[in-house]
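Residue-level structural notes
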Amino acid sequence: MDTLLIAEDQIRPFKFWHNQQIATGMSFRNELFAQLFSTSLKSRQQFFQRLDQEYATTTGLLLTVSKQQYTAWVNLRSPLAQSLYGVPEPELELEPKPELELLPTVNRQPDRLQPLHLQVA
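Given the structure is predicted, the values throughout are model-derived calculations rather than measurements.

How each quantity is defined
- Residues numbered from 1 in each chain as written.
- Predicted model: local features only at pLDDT ≥ 70, side-chain atom pairs only at ≥ 80, totals over all residues.
- Heavy atoms only, no water.
- Helix = DSSP H or I, 4+ residues; strand = E, 2+ residues; numbered from the N terminus.
- Expected span 1.5 Å × (residues − 1).
- Buried < 20%, exposed > 50% of the residue type's maximum accessible area, 1.4 Å probe, protein only.
- Arc of directions from axis to C-beta.
- Contact = heavy atoms within 4.5 Å.
- Core = buried A, V, L, I, M, F, W, Y, C linked by side-chain atoms within 4.5 Å.
- Pairing = 2+ DSSP bridges.
- Axes fitted to C-alpha atoms, helices over the stretch in contact; angles between N-to-C directions.

The next thing to look at is helix α1 (residues 44-55). In this model, α1 (12 residues) spans 16 Å end to end at C-alpha, consistent with the 16 Å of a helix rising 1.5 Å per residue. Within the sequence span of α1, burial applies to Phe47, Leu51 and Tyr55. Down the axis, α1 shows its buried residues gathered within 35° of arc, on one side only. Facing away from the buried side of α1, by more than 90 degrees, are the exposed residues Gln45, Asp52 and Gln53. Packed against the buried residues of α1 are β4 (31-40), β5 (61-65), β6 (69-75) and α2 (79-85).

And the structure:
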């Protein structure tokens, strides 16, 4: 599992609305992440065991550490995040475009062009 562990002061946390409740997210290096779970620093071994058991093959994970806790995050572009937070795209029914009515053409002879005489001073 190639996962980055960074200090929590390097992220920008935010809240978002999902499934009738407020969820926690963060941004890091122009990517958006959703929080999976957190544990206290005292539970370090359980934190990494859970990661290994439940998320060993998951891509797009990022881990943060603060003075109080470890937090696991998943990139919102990852397949796991799409299954947890993704909203299926609505099925669109496209109406066919109406046929355009062609306008009649007018056969018009161009006006006879007159030569332009310029005087240079």
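Following the structure, the description resumes.
Quick look at the nonpolar core now. The nonpolar side chains of soluble globular proteins are, as a tendency, buried together. Ranked by size, the top nonpolar core spans 15 residues in total, and within it Leu36, Phe37, Phe47, Leu51 and Ala72 carry the most contacts. For this core, the secondary structure elements donating two or more residues are β4, α1, β5, β6 and α2. Met26, Phe28, Phe33 and Leu62 belong to the second largest nonpolar core, which has 7 residues in total.

Turning to the sheet that holds strand β3 (residues 21-28), a few remarks are in order. Strand pairing within a sheet occurs via backbone hydrogen bonds; the two strands may be parallel or antiparallel. Here 6 strands make up an open sheet; going across it, the order is β1-β5-β6-β4-β3-β2 and the pairing mixed. Each edge of the sheet is formed by a strand with only one pairing partner; in this case those strands are β1 (4-7) and β2 (12-18). The mean inter-strand angle of the sheet, taken between neighbouring strand axes irrespective of direction, is 40°. With 4 bridges joining them, β3 and β4 adopt antiparallel strand pairing. For glycine 25, the partnering residue across the bridge sits in β4 and is alanine 34.

Attention now goes to the pairing of β6. Burial analysis of β6 places 6 of its 7 residues in the buried class, the great majority of the element. Across 7 bridges, β4 lies against β6 in antiparallel orientation. By the bridge assignment for β6, serine 40 is matched with glutamine 69. Across 5 bridges, the pairing between β5 and β6 is antiparallel. Along β6, the bridge assignment pairs threonine 64 with threonine 71. The hairpin turn running from β5 into β6, its antiparallel successor, is 3 residues long.

Before going further, it helps to examine the environment of asparagine 19. Residue position: asparagine 19 is located in the loop between β2 and β3. Measuring from C-alpha to C-alpha, the distance between asparagine 19 and tyrosine 85 comes to 8.4 Å, with 66 residues separating the pair along the chain.

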